[in-house]
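Spelled out, the chains give:
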There are 2 protein chains.
Amino acid sequence: MAKEGVDMTEETEFMIDRHVQGRDAENVAGPCGDAKEMRAVVLAGFGGLNKLRVSRKPMPEPQEGEVKIRVKACGLNFLDLVVRQGTIDNPPKPPLVPGFECSGIVESVGENTKGFEIGDRVMAFVNYNAWAEVVCTPVDFVYKMPDNMSFAEAAAFALNFVAAYMMLFEVANLREGMSVLVHSAGGGVGQAVAQLCSTVPNVTVFGIASCFKHAAIRDSVTHLFDRNADYVQEVKKISPEGVDILLDCLCGENTGKGLSLLKPLGTYILYGASNMVTGETKSFFSFAKSWWQVEKVNPIKLYEENKVIAGFSLLNLLFKQGRCGLVRSVMDKLLRLYEQKKIKPVVDSLWALEEVKEAMQRIHDRGNIGKLILDVEKSPTPLMASDSTETSEAGEEEEEPEGDNDSKERMPFIH
Amino acid sequence: MAKEGVDMTEETEFMIDRHVQGRDAENVAGPCGDAKEMRAVVLAGFGGLNKLRVSRKPMPEPQEGEVKIRVKACGLNFLDLVVRQGTIDNPPKPPLVPGFECSGIVESVGENTKGFEIGDRVMAFVNYNAWAEVVCTPVDFVYKMPDNMSFAEAAAFALNFVAAYMMLFEVANLREGMSVLVHSAGGGVGQAVAQLCSTVPNVTVFGIASCFKHAAIRDSVTHLFDRNADYVQEVKKISPEGVDILLDCLCGENTGKGLSLLKPLGTYILYGASNMVTGETKSFFSFAKSWWQVEKVNPIKLYEENKVIAGFSLLNLLFKQGRCGLVRSVMDKLLRLYEQKKIKPVVDSLWALEEVKEAMQRIHDRGNIGKLILDVEKSPTPLMASDSTETSEAGEEEEEPEGDNDSKERMPFIH
């Protein structure tokens with residue numbers, strides 16, 4: 001709809017970045033080389049998809065306590081869209097390399113870095129910089145992969161399953177016979193929530209998802225509603241008392257609705273604010289508006305109604321609040337569940353680094369079922385004509401600058 | 001300070017009620033009689049202590065599903081002060097008999113009332129009407145007492161321990177190594193919280209209480225602070241990261257302070273609003289002011305900080321939200337802990353029904369350590385001169401009407 005307004009500074013950064021970008025991966029050293037450079041997705045400035053480029057960056061080297069990982073796959077999360085728009089709290093200054101999780105092979109370790117050896121297959125959280133061929137991150141954020149887990153699965157595992165587990169079992173206290181409502185049931189966290197709920201006897205899962213996903217995810221939840229339906233009424237028809245746990249990544253008016261749907265002693269958990277991402281362009285005002293539009297909660301009302309409201313941000317927990325030990329203990333439990341074949345990450349599609357824009361558009365359009373993965377070794381799929389049948393529900397995809405072929409639609413590689 | 005403004009209607013009710021009141025208990029039939037009347041504490045209208053009388057009321061008879069209890073002891077809670085002032089949400093219309101819990105002996109049961117027999121020693125929740133010689137309440141709210149529990153202990157047990165248990169283990173998820181801060185650590189709930197925390201290994205309890213209670217309760221908590229101290233600073237000196245669970249019965253500005261003291265993933269629970277009781281008189285405006293003064297919470301802030309805020313009202317859970325089954329399962333666990341001698345209610349003092357004003361003043365002044373009990377069979381202690389050394393911290397005790405001897409201080413019977 002509205003075209004993006006690029007200010008002078010951002011435009012300058014964009015121009016500077018453009019001259020180092022290369023679509024031709026072959027002139028960058030491969031996994032076995034000792035190159036001084038690597039490929040990475042770079043966000044030149046906050047804004048639309050056209051702020052994303054694949055560029056060469058200096059090869060990072062591990063500091064004390066860090067692990068250097070030759071990346072195989074990276075996870076793409078809704079939060080990456082928030083970062084791109086600059087509407088995240090205290091964003092770092094661009095240009096930056098986005099991405100918070102990856103999987104790969106340990107290439108070297110810094111001084112005083114224990115527990116990992118060269119060649120270990122690992123998955124890791126990274127405080128930005130994950131969408132690159134090589135990543136260095138503190139050892140506290142690195143976990144060994146099970147032998148039978150693929151790199152794509154590993155990149156789809158950590159953030160979604162740790163978040164889902166901690167919300168259900170650390171923040172709330174999911175037990176036998178309870179009920180859980182999850183928005184975006186077809187997304188990465190939604191699918192993780194559904195699987196984890198199935199590890200507890202007799203848990204009812206109410207899922208909300210776009211109609212076109214229903215066939216694919218119907219078996220993962222107990223009841224499924226269209227995201228355009230009045231889910232409050234639909235849930236109350238089935239469970240007049242409401243639900244025990246409600247997981248909301250939308251925010252906005254859903255908070256009040258969510259609280260109204262809670263049973264006494266029920267817990268509402270806000271774990272994202274995807275309603276804040278209203279279009280493709282940076283929109284500080286839409287962020288500010290959302291912040292104020294969120295219904296603030298009077299604790300006395302919670303007292304009268306016996307309700308619990310919680311917020312959960314795994315990245316803040318890891319990178320600002322230092323809860324690596326707790327997260328590692330959760331990861332240990334999750335890997336046991338994986339090895340018992342009780343949980344398995346759902347991968348929606350794999351994309352080359354150069355296809356990051358199309359991947360982002362797909363997550364923005366809520367077209368995915370499960371996780372989108374950037375596959376570092378994948379070559380871009382040949383460009384298609386831009387008459388894609390994919391529809392943008394938001395309807396707000398900006399037009400890319402003319403002549404920028406990156407904006408053309410590609411066929412996603414569906415896993 | 002300010003004298004109470006009694007409106008005409010209340011004054012009329014007061015006069016009507018006065019002619020049936022009797023201090024002389026002997027002309028009312030005793031426990032074994034088949035009298036048509038019984039003694040009860042009656043609140044003639046919302047307001048100060050002078051609204052309370054001991055009056056004769058018609059003998060209640062059990063309806064279908066109800067148990068009739070010959071009351072031995074009643075629990076007095078801070079909430080009863082809130083009721084007296086009329087600042088509770090949706091109060092019933094006075095005149096009413098206050099009181100939410102009692103212990104005694106089953107005298108008869110209504111039709112279709114299973115599980116109890118005449119002569120059973122029981123404790124019970126009652127939706128008002130507990131402060132009387134005889135009480136009828138639905139069987140769902142009645143629990144058998146252990147043989148070795150006294151009636152005074154039983155009247156001190158149910159509300160405080162069930163509330164403390166549910167907050168620690170149902171709303172929050174108290175586990176080994178966590179820390180808990182409790183306001184009013186010397187009160188009934190505070191002492192129950194401290195005892196229940198000691199059933200979990202390595203739990204640190206921060207208690208806040210008036211200085212004069214410190215000697216008596218020091219052993220029940222790990223760290224003890226004066227209620228006039230800056231407890232936020234004091235706790236942070238010991239635990240810079242804050243606490244895992246914070247239990248607040250004060251409300252007002254403590255909510256913001258409490259949230260700031262939480263560790264990531266910590267839970268703040270509001271379970272009362274005693275700061276709303278500012279003086280002895282009914283004060284709708286102080287209630288409204290408190291309601292608005294309570295800092296409302298933005299869910300996005302909870303998201304960024306990984307925090308949980310909850311409200312807990314056991315009476316709403318029981319009487320409005322029908323969670324009797326859950327409460328009974330909690331009571332079963334608590335009675336096992338009692339029989340294992342891991343918990344034991346702390347009784348502050350016993351008072352005759354006629355001494356309810358002095359008892360209320362004591363709880364208002366926060367003079368109690370543990371629970372105040374109305375002992376139905378106790379005779380009033382001889383009146384003392386009103387030069388009591390008890391001090392009113394609130395400093396707002398109204399003057400009683402001249403010639404009303406009930407307002408004179410009595411010596412509390414310390415248990």
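Residues numbered from 1 in each chain as written. Chains lettered and ligands numbered in written order. Predicted model: local features only at pLDDT ≥ 70, side-chain atom pairs only at ≥ 80, totals over all residues. Heavy atoms only, no water.

Participant: Help me understand the overall build of chain A in this model?
Facilitator: In terms of helices and strands, chain A carries 12 helices and 16 strands. A total of 415 residues make up chain A; the buried ones form 61% of that total. Sequence-distant contacts, at least 24 apart, represent 73% of the contacts inside chain A between residues at least 6 apart. Total accessible area on chain A stands at roughly 16,700 Å², and carbon and sulfur atoms take up 52% of it. (Helix = DSSP H or I, 4+ residues; strand = E, 2+ residues; numbered from the N terminus. Buried < 20%, exposed > 50% of the residue type's maximum accessible area, 1.4 Å probe, protein only. Contact = heavy atoms within 4.5 Å. Areas by Shrake-Rupley, 256 points an atom, 1.4 Å probe, with all protein chains shown as cover.)

Participant: Sorry if this is basic, but what is going on with helix 4 (residues 188-197) of chain B here?
Facilitator: Given 3.6 residues per helical turn, the α-helix brings residues three or four places apart onto the same face. Residue and element names in this part refer to chain B. Within helix 4, 10 of the 10 residues are buried, leaving the element largely enclosed by the surrounding structure. Every buried residue belonging to helix 4 is among Gly188, Val189, Gly190, Gln191, Ala192, Val193, Ala194, Gln195, Leu196 and Cys197, and all of these are buried. Buried-residue contacts for helix 4 involve helix 3 (151-171), strand 8 (179-182), strand 9 (204-209), helix 5 (214-217), strand 11 (243-248) and helix 11 (324-339).

Participant: Please explain the interface of chain A and chain B as it appears in this structure.
Facilitator: It is common to report an interface's size as the accessible area lost on association of the parts. Facing 44 residues of chain A, the contacting portion of chain B comprises 44 residues. Summed over the three residues of chain A that lose the most area to chain B, namely Leu265, Ile300 and Tyr303 of chain A, the buried surface amounts to 17% of that side. There are 4 salt bridges connecting chain A and chain B. Residue Arg323 of chain B pairs with Glu241 of chain A through a salt bridge whose shortest N-O separation is 3.2 Å. Applying the counting rule to chain A against chain B returns 16 residue pairs in polar contact (both at pLDDT 80 or more). At the level of secondary structure, the elements contributing two or more residues to the side of chain A that touches chain B comprise helix 3 (151-171), strand 12 (262-270), helix 9 (299-305), strand 13 (308-311) and helix 10 (314-319) of chain A. It is helix 9 of chain A that provides the largest number of residues to the side of chain A that touches chain B, a total of 7 residues. In the sheet, strand 13 of chain A pairs with strand 13 (residues 308-311) of chain B via 3 bridges, with the strands oriented antiparallel. Counterpart to Ala310 of chain A in the pairing with strand 13 of chain B is Val308 of chain B. (Buried area = accessible area lost by both parts, 1.4 Å probe. Salt bridge = Lys/Arg side-chain N within 4 Å of Asp/Glu carboxyl O. Polar contact = N/O pair within 3.5 Å; in protein donor to acceptor, adjacent residues only side chain to side chain. Pairing = 2+ DSSP bridges.)

Participant: Quick question: what am I supposed to make of the relation of the copies chain A and chain B here?
Facilitator: Put simply, the second copy of the chain is the first one after a rotation about an axis and a shift along it. Overlay of chain A on chain B (RMSD 0.0 Å): rotation 180 degrees, translation along the axis 0.0 Å. A rotation of that kind, with that shift, is consistent with a two-fold axis. The residues that chain A uses at the interface reappear at the interface of chain B in 100% of cases, marking a shared surface. (Least-squares fit on C-alpha atoms with pLDDT ≥ 70 in both.)

Participant: Any chance you could explain the packing of aromatic side chains here in plain terms?
Facilitator: Each aromatic ring pair is specified by the distance between its two centres and by the angle formed by the two planes. The full count for this structure, using the stated rule, is 14 aromatic pairs over all chains. Here Phe157 of chain A and Phe161 of chain A contribute two aromatic rings whose centre-to-centre distance is 5.0 Å and whose plane-to-plane angle is 20 degrees, an arrangement assigned as stacked. Placement of the pair is Phe157 of chain A and Phe161 of chain A together in helix 3, with a separation of 4 residues, close to one helical turn. Note on Phe157 of chain A: relative accessible area 0%, which makes it buried. Exposure remark for Phe161 of chain A: the relative accessible area of 2% places this residue in the buried category. On the basis of an interplanar angle of 15 degrees and a centroid distance of 6.2 Å, the ring pair of Phe206 of chain B and Phe225 of chain B is categorised as stacked. You can see Phe206 of chain B sitting in strand 9 and its partner Phe225 of chain B sitting in strand 10 (residues 223-226), a full 19 residues away along the chain. Above the face of the Phe151 of chain A ring, Arg121 of chain A is positioned so that its terminal group lies 4.8 Å from the ring centre. The ring of Phe116 of chain A carries the charged tip of Lys144 of chain A above its face, separated from the ring centre by 5.5 Å. (Phe/Tyr/Trp six-rings, centres within 6.5 Å; stacked < 30°, edge-to-face > 60°. Lys NZ or Arg CZ within 6 Å of the ring centre and 35° of its normal.)

Participant: Got a minute to help me understand the pattern of salt bridges in this structure?
Facilitator: Side chains carrying opposite charge are able to pair once their charged atoms draw close together. As enumerated under the stated definition, the model contains 34 salt bridges over all chains in all. Taking the shortest distance from any N to any O, the salt bridge between Asp244 of chain A and Lys263 of chain A comes out at 3.6 Å. Taken together, the residues Asp244 of chain A in strand 11 (residues 243-248) and Lys263 of chain A in strand 12 connect sequence positions 19 residues apart. Note on accessibility: Asp244 of chain A and Lys263 of chain A belong to one class, buried. The salt bridge involving Arg362 of chain B is made with Asp348 of chain B; its shortest N-O contact spans 2.7 Å.

Participant: Help me out: how do you make sense of the pairing of strand 6 (residues 134-138) of chain A in this one?
Facilitator: Every regular strand shows the same layout, with side chains that alternate between the two sheet faces. All names here are of chain A. In terms of residue burial, strand 6 counts as a mostly covered element, since 4 of its 5 residues are buried. Note: strand 3 (residues 66-76) against strand 6, 5 bridges, orientation antiparallel. When the sheet's bridge partners are listed, Ile69 is paired in strand 6 with Val135.

Participant: When you look at the sheet that holds strand 9 (residues 204-209) of chain A in this model, what are you seeing that I'm missing?
Facilitator: Neighbouring strands of a sheet are bound in pairs by backbone hydrogen bonds; such pairs are parallel or else antiparallel. Taken together, 12 strands build an open sheet; the order of strands is 10(A)-9(A)-8(A)-11(A)-12(A)-13(A)-13(B)-12(B)-11(B)-8(B)-9(B)-10(B) and the sheet is mixed. Every interior strand has two partners, whereas the edge strands, strand 10 (223-226) of chain A together with strand 10 of chain B, have only one. Neighbouring strand axes in the sheet, compared pairwise and without regard to direction, differ in orientation by 15 degrees on average. The pairing of strand 8 of chain B with strand 11 of chain B spans 3 bridges and is parallel. Its bridge partner lying in strand 11 of chain B, Val180 of chain B is registered against Ile245 of chain B. Most of the contacts of helix 6 (residues 231-238) of chain A go to strand 10 of chain A, to which it runs at about 155 degrees, and overall it touches strand 8 (179-182), strand 9, strand 10 and strand 11 of chain A. (Axes fitted to C-alpha atoms, helices over the stretch in contact; angles between N-to-C directions.)

Participant: Can you walk me through unusual backbone geometry in this structure?
Facilitator: At the junction of Pro94 of chain A and Pro95 of chain A, the peptide bond is cis and its omega measures out at 5 degrees in the coordinates. Along the polypeptide, Pro95 of chain A turns up in the loop between helix 2 (78-85) and strand 4 (101-109). Even without being a glycine, Asn306 of chain B presents a positive backbone phi close to 55 degrees. What makes Asn306 of chain B buried here is its relative accessible area of 0%.

Participant: It is not clear to me how the packing of helix 3 of chain B against helix 11 of chain B should be interpreted in this structure. Could you clarify?
Facilitator: In a packed pair of helices, the relevant descriptors are the angle between the two axes and the axis-to-axis distance. Residues and elements named next belong to chain B. Following both chains from N to C, one finds helix 3 and helix 11 inclined at 110 degrees, their axes separated by 9 Å at the closest point. By the criterion of interaxial angle, the relationship of helix 3 to helix 11 is roughly perpendicular. Taken together, the residues of helix 11 that come into contact with helix 3 (itself represented by Glu153, Phe157, Ala158, Phe161, Val162, Tyr165, Met166 and Glu170) are Leu326, Val327, Val330, Met331, Lys333, Leu334, Leu335 and Tyr338. Of the residues assigned to the contact of helix 3 with helix 11, the class counts are 13 nonpolar, no polar and 3 charged. (Parallel < 35°, antiparallel > 145°, perpendicular 65-115°, else oblique. Nonpolar A, V, L, I, M, F, W, Y, C, P; charged D, E, K, R; others polar.)

Participant: What's the story with the pairing of strand 14 (residues 347-351) of chain B in this structure? I'm lost.
Facilitator: Residues and elements named next belong to chain B. The buried fraction of strand 14 is high, at 5 of 5 residues. Note: strand 14 against strand 15 (residues 371-375), 4 bridges, orientation parallel. Following the sheet pairing, Trp351 is matched in strand 15 by Leu374.

Participant: What is the right way to read the environment of Asn127 of chain B from this model?
Facilitator: Residue and element names in this part refer to chain B. Among the structural elements, Asn127 can be located in the loop between strand 5 (121-125) and strand 6 (134-138). You can call Asn127 partly exposed: its relative accessible area is 42%. As a C-alpha pair, Asn127 and Pro138 span 11 residues in sequence and 9.6 Å in three-dimensional space. Dropping the residues within four chain positions of it, Asn127 is found in contact with Phe100 and Phe319.

Participant: Sorry if this is basic, but what is going on with the environment of Lys68 of chain A here?
Facilitator: All names here are of chain A. The topology assignment puts Lys68 in strand 3. For the pair Lys68 and Pro98, spaced 30 residues apart in sequence, the C-alpha to C-alpha distance is 17 Å. Once you skip the residues sitting within four places of it in the chain, Lys68 turns out to touch Met59, Pro60, Glu61, Pro62, Ile105, Val106, Glu107, Ser108, Val134, Val135 and Cys136.

Participant: I'm lost on the confidence of the model for chain A in this one. Help?
Facilitator: It should be kept in mind that the predicted coordinates are not to be read in detail where pLDDT is low. Residue and element names in this part refer to chain A. Mean pLDDT over chain A: 83, with 78% of residues reaching 70 or higher. Overall, residues 1-32 carries pLDDT values under 50, and its contacts beyond four positions in sequence, including any with other chains, amount to 54 contacts. Both scores are available for the predicted complex, with the pTM at 0.84 and the ipTM at 0.83. (pLDDT = per-residue confidence, 0-100.)

Participant: I would appreciate a short explanation of the nonpolar core in the present structure.
Facilitator: Nonpolar side chains in soluble globular proteins tend to end up buried together. In this structure, Phe125, Phe312 and Leu314 of chain A together with Phe125, Phe312 and Leu314 of chain B are the most contacted members of the largest nonpolar core, which totals 225 residues. A per-element tally of this core places helix 3 of chain B first, with 18 residues. Leu181, Val235 and Leu246 of chain A together with Phe225 of chain B belong to the second-largest nonpolar core, a separate cluster that totals 38 residues. (Core = buried A, V, L, I, M, F, W, Y, C linked by side-chain atoms within 4.5 Å.)

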